Amino acid sequence: MARKRITQLFPWLLPLRKRQRRLFFYAAMRWDGRRYAACQQGQPLPHFLCEEHSALYNPGTGFDMVYQRNKVFNLGLAVATLQGLLIRPGETFSFWQRVRHADRETPYKEGLVVVNGQLQTIVGGGVCQISNLLFHLFLRTPLTLVERHCHGAKDFPDPPGDVLTGVDATVSEGWLDLKVTNETPVTYQLQLDVGQEQITGRILADAPPAYRYQLANRGLAYIRRGDTVWEEVDVLQQAYSTASGQLACTRFLYHNACPVGYTLPPETPIIDEKERPS
């Protein structure tokens, strides 16, 4: 049996533990030698790179829709700290460096989050939707991934359609961040818009892009480890020349592996880890 954490034995210590984690979390960034993006500019940069959309409401959660509306309210607070943000050459973007004070003047409301495969309500719930959207955008640029975390488990199947597997980014203040750094001579800008039904994200630049980027999967497999099935897949970035439209190069980004928390279709091939080719 796994040993219980001290905060499980003494739950009243949890708020103190969270404050301690946040203190060290931001102190580490202050002294890590990185220059973090902090300038927001209202004037959009002239060149468009990419755009992504994400639906705001999911009526199938089983929870009162008030929590969906609260999530949208929370997203609006977070977006205000990100709108127009410039990521200049040599700068690093950190989700929490920007969003940490989004509720300083107006408090967050209770929204939905997934904890151990179960939907729960917490104050500030829902802002993870922005980190997912930003991650999709960042992977379609030349920005270099510094920190990203997948969800602890994949509790729901991918929706039908041409959906990439393993492209998500969860965040948790004090523990998990989303970071990219700009190692190019170009300045990039975030543009976010919370509409009636969806949130839209765009990345603009101060120079015309030499390439357009697309994402692809490679080697999707389901691996049984003990009593748990894991989904594993490579995520690739494909660069197409804007001048010719031809594929210029394919770059391996990362290998995603997470346990599956739902029942796979019976026809899904599952490989036992002991029988997996080395």
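Here, every reference points to the structure presented above.
Residues numbered from 1 in each chain as written. Predicted model: local features only at pLDDT ≥ 70, side-chain atom pairs only at ≥ 80, totals over all residues. Heavy atoms only, no water.

Draft legend 1. A look at the overall build of the chain. On a plain count of helices and strands, the chain comes out with 5 helices and 14 strands. For the chain, the proportion of its 278 residues judged to be buried stands at 42%. Across the chain, contacts joining residues at least 24 apart in sequence account for 71% of those joining residues at least 6 apart. As presented, the chain carries roughly 15,800 Å² of accessible surface, and 52% of it is formed by carbon and sulfur atoms. (Helix = DSSP H or I, 4+ residues; strand = E, 2+ residues; numbered from the N terminus. Buried < 20%, exposed > 50% of the residue type's maximum accessible area, 1.4 Å probe, protein only. Contact = heavy atoms within 4.5 Å. Areas by Shrake-Rupley, 256 points an atom, 1.4 Å probe, with all protein chains shown as cover.)

Draft legend 2. Just the pairing of strand β4 (residues 91–94), in detail. Side-chain alternation along β4 places Glu91 and Phe93 on one buried face and Thr92 and Ser94 on a second face that is also buried. As paired strands, strand β1 (residues 35–36) and β4 are joined by 2 bridges and run parallel to one another. Bridge assignment links Arg35 to a residue of β4, and that residue is Glu91. Across 3 bridges, β4 lies against strand β8 (residues 179–181) in antiparallel orientation. The partner of Thr92 across the bridge, within β8, is Thr181. (Pairing = 2+ DSSP bridges.)

Draft legend 3. How the structure looks around the packing of aromatic side chains. Going through the model one piece at a time under the given rule, you end up with 5 aromatic pairs. Above the ring of Phe73, the side-chain terminus of Lys109 is found at 4.4 Å from the ring centroid. (Phe/Tyr/Trp six-rings, centres within 6.5 Å; stacked < 30°, edge-to-face > 60°. Lys NZ or Arg CZ within 6 Å of the ring centre and 35° of its normal.)

Draft legend 4. Region of the structure containing the sheet that holds β8. Pairing within the open sheet is mixed, and its 4 strands lie in the order β1-β4-β8-β7. Among the strands making up the open sheet, the edge pair consists of β1 and β7 (144–147). Bridging between β7 and β8 involves 3 bridges; their strand directions are antiparallel. Each residue of the ladder has a partner; that of Glu147, found in β8, is Lys179.

Draft legend 5. Focus on helix α5 (residues 128–138). Across the 11 residues that make up α5, a large majority, 10, are buried. All of the buried residues along α5 are Cys128, Gln129, Ile130, Ser131, Asn132, Leu133, Leu134, Phe135, Leu137 and Phe138.

Draft legend 6. Quick look at the pattern of salt bridges. Within the structure shown, the criterion is met by 9 salt bridges. Taking the shortest distance from any N to any O, the salt bridge between Lys179 and Glu147 comes out at 3.9 Å. In this pair, Lys179 is assigned in strand β8 and Glu147 in strand β7, connecting sequence segments 32 residues apart. We note that Lys179, like Glu147, is buried. With its nearest N and O atoms 2.8 Å apart, the salt bridge here joins Arg148 to Asp168. Of the two residues, Arg148 sits in the loop between β7 and β8 while Asp168 sits in the loop between β7 and β8, which places them 20 residues apart along the sequence. The exposure class assigned to Arg148 is buried, which follows from its relative accessible area of 17%. What emerges from the salt-bridge pattern is a single network uniting Arg225, Glu232 and Glu273. (Salt bridge = Lys/Arg side-chain N within 4 Å of Asp/Glu carboxyl O.)

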